[in-house]
Amino acid sequence: MQLFPCPFCGPRDETEFHYGGDAGNARPDGGDVPIDRWAGYLYLRSNPKGAAREIWVHMNCGEFFVMERDTLTHTVLSSAELGGEHAA
Amino acid sequence: MRDLAEKWSAAPDWQSATINAPGFVMSAVLGLDQLLVSGDLDPWARLSGMEGTGVGAFGAAQGDRYAARLARDRLLVVSNAPLAIAAGWHAEGFAVTAISAGLQVFEAEGPALDAFIARGTTLDPRQSSASAALSFAGISAIVYRHDGKLRIHVDRGLAAYLWTWMEQAAGHIAADD
């Protein structure tokens, strides 16, 4: 078991959280988005070895937040609320 | 036509249902008025005269009318008597939703409460947490203390499952005694 820090609730069991994707993977906007841009948004993932910035949601309180963690050591480096705008 | 209702055990009669184990008693709490308040909680506190923070996980609530915090922008307001506030959107910036029929409430007490909590969640009951919404027995629940007892709110559809789980947990507590 691992504890993840919800910015609102504090440390909670990892099973209470759901992964929301890479932080900064903003949805393309507009009618003239090139097809490779859509493909990148939908299918390409950075999958880093080491430090990663990810969107997570705490399912119990509904808090969406950015968590920085190390995918190799599973160390959680930080977590911060999204605050309405998409995290860049 | 197949009767799929047979696949599920019938829900207990909540009026009389109790679970008794050494140092542990569980029963249902009926007749509480429950409201969800969502949105800007400061004007809600001003208009209702209630404290706008609400108790978090395993926090201590008291009295006939209190609130448990579910999220940054959501409270569960619980009262023994119906509250005089209209359901729906309020222009001050919050919405009120009647949820009394949607949530079943259980109450437990006794010296074996810590052993019961330890079976239900990995959360440390001595460590404060802003939200009373947590995973308990594998389902989403709202858990706090009220007048020294443990109160658990769950979706009514999951109440029979949780009751079965609590019966088994009580059996394990008795076996360990």
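Residues numbered from 1 in each chain as written. Chains lettered and ligands numbered in written order. Predicted model: local features only at pLDDT ≥ 70, side-chain atom pairs only at ≥ 80, totals over all residues. Heavy atoms only, no water.

J.: How would you summarise the nonpolar core if you had to cite specific residues and measurements?
T.: All names here are of chain B. Grouped together as the largest cluster of nonpolar side chains are 33 residues, with contacts concentrated most on Phe24, Met26, Phe106, Phe116, Phe136, Ile152 and Leu162. By residue number, the principal contributor to this core is helix H3 (residues 159-176), which donates 8 residues. In contact with Phe116, other than residues within four places in its own chain, are Phe24, Met26, Phe136, Leu150, Ile152, Trp165, Met166, Ala169 and Ile173. Val78, Leu103, Ala132 and Ile142 belong to the second-largest nonpolar core, a separate cluster that totals 15 residues. (Core = buried A, V, L, I, M, F, W, Y, C linked by side-chain atoms within 4.5 Å. Buried < 20%, exposed > 50% of the residue type's maximum accessible area, 1.4 Å probe, protein only. Helix = DSSP H or I, 4+ residues; strand = E, 2+ residues; numbered from the N terminus. Contact = heavy atoms within 4.5 Å.)

J.: Quick one: what's the story with the sheet that holds strand S6 (residues 74-79) of chain B, residue by residue and with numbers?
T.: Residue and element names in this part refer to chain B. If you walk across this open sheet you meet the 5 strands as S5-S6-S3-S8-S7, and the pairing is antiparallel. What marks the edges here is a single partner per strand, and that holds for strand S5 (65-71) and strand S7 (88-90). Strand-to-strand twist across the sheet, computed as the mean angle between neighbouring axes with direction ignored, equals 25°. Both S7 and strand S8 (residues 94-98) contribute to a ladder of 3 bridges, which runs antiparallel. Looking at S8, one finds that His90 is bridged to Phe94. (Pairing = 2+ DSSP bridges. Axes fitted to C-alpha atoms, helices over the stretch in contact; angles between N-to-C directions.)

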